[in-house]
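Listed below, chain by chain, are the residues.
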Amino acid sequence: MPGLMPRPRTCLIRGGAVVNADGERRADVLVEGETIVLVEAELDARALPPNTRVIDASGKLVFPGFIDPHVHVHLPFMGTNAADDHDSASRAALAGGTTTIIEMICPGPKDEPLASFEEWHTRAAASSRCDFAFHQAVVRWDDLAKSQLRELVDTQGQTSVKVFLAYKGALDLPDAQLLELLDFSAQEGVIVTAHCENADAVAYMQARLLAEGKTGPEWHEPSRPTCVEADGVQHFATCCQLTGAHGYVVHTSCRAALEQAARARKRGANIQVECVVPHLVLDDSCTHRPNFEGAKFVMSPPLRTFADQQALWEGLASREVATIGTDHAPFHFATQKVMGRERFTAIPNGIGSIQERIDLVHTYGVCAGRLTYAAMVDACSTQVARTFGLFPRKGTIAPGSDADIVVYDPARRGTFRHADNQGALDYCAYEGMERIGATETVLRRGEVVVEHGRTIAPPGGGRYLRRERRTS
Ligand code: URP
Ligand code: ZN
Ligand code: ZN
């Protein structure tokens, strides 16, 4: 009948403890269509439309959908391609409570930004079950790259880029170009995320260790020790300070790097810090495992010491570390990590964690007394949304926000097991570690996409997110 619009579906999440970055409270959450419309202490279910879906969250936590600020899905890297595609990565992400991912577009040095954006966007739009955005890696800097990046900012809301102060000869930018890019980013309100190491020092150390016959995965960490990372942070922060750019240091792994970031902030550099779950819960002893198993744990920056883990947790508690991502970069053990059997420098760098992030932070952060629930939500959702121009659409449970909601059972206990993974990777880096808590139900923009911990959404329902420019 003309003029009669079907009512949007309604869903009531009843009786849970709603956790936002500013605290938790017992509340019911009403969702209409894709949006949260009410968050109230007690909603009268009788006043709702008869077909309202009611999800009983009593005894459960109700979190805003988690956002992973650092993910690699389509990743041509070190002579191979990462093991997931957008279908498998997003299936695993949702199962772990992550409803939005920000993926690194990592083109080759000759590729043009518009073409690489198109390639990544087409792949993700075809099969991502999560909402998605991108950080555009800048691996060339010339007039063409500059005009195309400006176009991406203007027309696609593509307001963050990535630079590598690492992977010499493959992805790094010379300083003169880095400074120009930072200057451009400051003018355009674009945030610059950076992998910070001293690329020349890494190349020198790798060559030296190999020449000494030190070829196993356990030599990966000594080839890029903490001082090399701290040097990279110091260098990047100096360049940000000179240009007025807003910098974001990805996958910060150690106390020395945190100290450099803190010093730079005191000097006036606008620098934020991200850490990623492998550095929070695994340490360098993993790379010493026999039968080449250590290769499963090779990532850059490398896994560090227990003391460095402590420094990261303390930084999170004081909110000096803003966000927790994964740096999900999965490479199969049986067919890809083994490429580095003869020399550690050929082991594809990366660890898969997209499904495990929230349970790891819950188990080893909140349950270990290192983080409050509010701090967990802040680091894994709210700060990510604020930093990357998605707040308050994402990152909070509040009227008007997207209905990305995770109903979480904090009491479920078990261990991490590869058998439970819903991604493609052939191993789980956290196998056998204790796990407390589990994602039970997930809504992505009002649609139930995970039930009883299993992703039920078909591939392709994820939406590309245009983002705001930075104004400070
Ligand atoms: O080891 C890592 N982190 N691999 C993925 C690429 C990167 O550096 O982020
Ligand atoms: Zn990196
Ligand atoms: Zn990365």
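All figures in this text were calculated on a predicted structure; none of them were measured in a lab. (Residues numbered from 1 in each chain as written. Chains lettered and ligands numbered in written order. Predicted model: local features only at pLDDT ≥ 70, side-chain atom pairs only at ≥ 80, totals over all residues. Heavy atoms only, no water.)

**Student:** Any chance you could explain the coordination of the zinc ion (ligand 3) here in plain terms?
**Tutor:** Ideal values for angles at a metal depend on the geometry: 109.5 degrees with four tetrahedral donors, 90 or 180 degrees with six octahedral donors. In this structure, His-70 (NE2), His-72 (NE2) and Asp-327 (OD) serve as the protein donors to the zinc ion (ligand 3), at separations of 2.0 to 2.1 Å. Coordination at the zinc ion (ligand 3) is irregular, judged from the 4 donor atoms that bind it and the angles of 86 to 140 degrees they form at the metal. Between the donor residues of the zinc ion (ligand 3), the gaps in sequence give the motif H-x1-H-x254-D. Taken as an interatomic distance, the gap from the zinc ion (ligand 3) to the zinc ion (ligand 2) is 3.7 Å. Note on His-72: relative accessible area 6%, which makes it buried. (Donors = N, O, S within 2.8 Å, 3.2 Å for Na, K, Ca; no water. Tetrahedral: all angles 85-135°; square planar, octahedral: opposite > 155°, others 65-115°. Buried < 20%, exposed > 50% of the residue type's maximum accessible area, 1.4 Å probe, protein only.)

**Student:** Would you mind showing me how to read the nonpolar core here?
**Tutor:** Generally speaking, nonpolar side chains in soluble globular proteins are found buried as a group. Counting 103 residues, the largest nonpolar core has Phe-63, Phe-236, Leu-282, Ile-324 and Tyr-430 as its most contacted members. Per element, the largest residue contribution to this core is 6 residues, and it comes from helix α12 (residues 373–387). (Core = buried A, V, L, I, M, F, W, Y, C linked by side-chain atoms within 4.5 Å. Helix = DSSP H or I, 4+ residues; strand = E, 2+ residues; numbered from the N terminus.)

**Student:** Just to check I follow, could you spell out the site of ligand 1 for this structure?
**Tutor:** In the region of ligand 1, the neighbouring residues are His-70, His-72, Tyr-167, His-195, His-251, Met-299, Ser-300, Asp-327, Ala-329, Asn-349 and Gly-350. Here an oxygen atom of ligand 1 and a side-chain polar atom of His-195 are 3.0 Å apart. In this structure, a nitrogen atom belonging to ligand 1 sits 2.6 Å away from a side-chain N or O atom of Asp-327. Residue classes in the shell around ligand 1 are distributed as 3 nonpolar, 7 polar and 1 charged. (Near = heavy atom within 4 Å. Polar contact = N/O pair within 3.5 Å; in protein donor to acceptor, adjacent residues only side chain to side chain. Nonpolar A, V, L, I, M, F, W, Y, C, P; charged D, E, K, R; others polar.)

**Student:** Got a minute to help me understand the pairing of strand β10 (residues 131–137) in this structure?
**Tutor:** Regular strands place side chains that alternate from one sheet face to the opposite one. Among the 7 residues of β10, 7 are classified as buried, and the element is accordingly described as predominantly covered. Residues Asp-131, Ala-133, His-135 and Ala-137 of β10 are buried on one face, and the alternating residues Phe-132, Phe-134 and Gln-136, pointing to the opposite face, are buried as well. Note: strand β9 (residues 98–105) against β10, 6 bridges, orientation parallel. Bridged to Glu-103 within β10 is Phe-134. Two elements, β10 and strand β11 (residues 160–165), share 2 bridges in a ladder whose sense is parallel. Looking at the pairing, Ala-137 lines up with Lys-162 of β11. (Pairing = 2+ DSSP bridges.)

**Student:** Honestly, the coordination of the zinc ion (ligand 2) in this entry has me stumped. Any pointers?
**Tutor:** Taken together, the protein donors to the zinc ion (ligand 2) comprise His-195 (ND1) and His-251 (NE2), at separations of 2.1 Å. Taken together, the 4 donor atoms coordinating the zinc ion (ligand 2) and their angles of 57 to 150 degrees define a geometry best described as irregular. On the accessibility criterion, His-195 (1% relative accessible area) is buried.

**Student:** Looking at this structure, how should I read the packing of aromatic side chains?
**Tutor:** By convention here, two paired aromatic rings are described through the distance between centres and the angle between planes. Counted under the stated rule, the structure contains 15 aromatic pairs. Where Phe-132 meets Tyr-464, the ring centres are 6.0 Å apart and the plane angle is 50 degrees; that geometry is what we call tilted. With a gap of 332 residues between them, Phe-132 in strand β10 and Tyr-464 in the segment after β19 (454–455) connect regions that are remote in the sequence. Of the two residues, Phe-132 and Tyr-464, both sit in the buried class. Members of the aromatic cluster, connected to one another through ring pairs, are Phe-63, Phe-66, Tyr-373 and Tyr-408. Lying across the ring of Phe-333, Lys-296 places its NZ or CZ 4.9 Å from the centre. (Phe/Tyr/Trp six-rings, centres within 6.5 Å; stacked < 30°, edge-to-face > 60°. Lys NZ or Arg CZ within 6 Å of the ring centre and 35° of its normal.)

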